[in-house]
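Examination of the molecular architecture
For reference, the chains in residue letters:
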Amino acid sequence: MFAEDLPDLDEEVGYRGLTACKAAGITYRQLDYWARTGLVEPSVRGASGSGSQRLYGFRDILVLKVVKRLLDTGVSLHQIRTAVTHLRERGVDDLAQITLMSDGASVYECTSADEVIDLVQGGQGVFGIAVGRVWREVEGELASLPSERPAERPEEVSAPAVVLADELSARRRAREAG
């Protein structure tokens, strides 16, 4: 459904909780709850005790935004957990190629126009989430927000290193933009 090639992602780049919340359009309370219950856990660096910072990867934020959209349309948390498990099994490249659909009771994966027609002919009203489009939205949101790489140990992260990472990220974005 999406013929465009999507860029390769740097799996080592992470975003702190507040940045992930802003990019996904969720509250910190939702983020914390979803991480603690295993719905969407940070893949770059998990919490390792009091005062530690979780770091969410691009794919994590993509899943957070999809979960938010499903919640907004009234899909049950149980069905969302099933859908998220499926998305995790698919991998980043496949996420951009699917559309999620729901009739409010279940979540479906749609990979072709024929499949969409079959779902609609069943008489149920459905909505779709084009994950490739959400991908681009998250990518746009994160372009102007700070990122960082996890250190060997959390105590190795210093303020100058974060500032340097932000400056390097800004230079990289400027270079890629033209």
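Residues numbered from 1 in each chain as written. Predicted model: local features only at pLDDT ≥ 70, side-chain atom pairs only at ≥ 80, totals over all residues. Heavy atoms only, no water.

1. Examining the overall build of the protein chain
The helix and strand inventory of the protein chain stands at eight helices and three strands. Mapped in sequence order, the helices and strands of the protein chain form the string α-α-α-α-α-β-β-α-β-α-α. Within the protein chain, the fraction of its 178 residues that count as buried is 34%. Taking all contacts inside the protein chain whose residues are at least 6 apart in sequence as the whole, residues at least 24 apart take part in 68%. Within the structure as shown, the protein chain displays about 10,000 Å² of accessible surface, and the carbon and sulfur contribution to it stands at 49%. (Helix = DSSP H or I, 4+ residues; strand = E, 2+ residues; numbered from the N terminus. Buried < 20%, exposed > 50% of the residue type's maximum accessible area, 1.4 Å probe, protein only. Contact = heavy atoms within 4.5 Å. Areas by Shrake-Rupley, 256 points an atom, 1.4 Å probe, with all protein chains shown as cover.)

2. Looking at the environment of Y28
You can see Y28 is positioned in helix α2 (residues 28-36). We classify Y28 as partly exposed; its relative accessible area is 42%. Expressed as a C-alpha distance, the spacing of Y28 and G17, which sit 11 residues apart in the sequence, is 7.0 Å. Setting aside its immediate chain neighbours within four residues, Y28 contacts G17, L18, C21 and R54.

3. Description of the environment of L71
The topology assignment puts L71 in helix α3 (residues 58-72). Under the relative-accessibility criterion, L71 is labelled partly exposed at 32%. Sequence separation between L71 and G104 is 33 residues; the distance between their C-alpha atoms is 9.8 Å. Contacts of L71, omitting those with residues within four sequence positions, involve Q30, W34 and I80.

4. Overview of the confidence of the model for the protein chain
Summarising the model, the protein chain shows a mean pLDDT of 76, and 70% of its residues fall at 70 or more. Predicted confidence in the protein chain is weakest over helix α5 (residues 92-95), with a mean pLDDT of 50, and strongest over helix α1 (residues 17-24), with 94. (pLDDT = per-residue confidence, 0-100.)

5. Description of the nonpolar core
Formed by 35 residues in total, the largest nonpolar core has its most connected members in I61, L64, V67, L70 and L142. Mapped by element, the contributors of at least two residues to this core are α1, α2, α3, α4 (77-90) and α7 (131-143). Tallying contributions element by element places α3 first for this core, with eight residues. Residues contacting L142, with those up to four places away along its chain left out, are Y15, T19, A23, F58 and I61. (Core = buried A, V, L, I, M, F, W, Y, C linked by side-chain atoms within 4.5 Å.)

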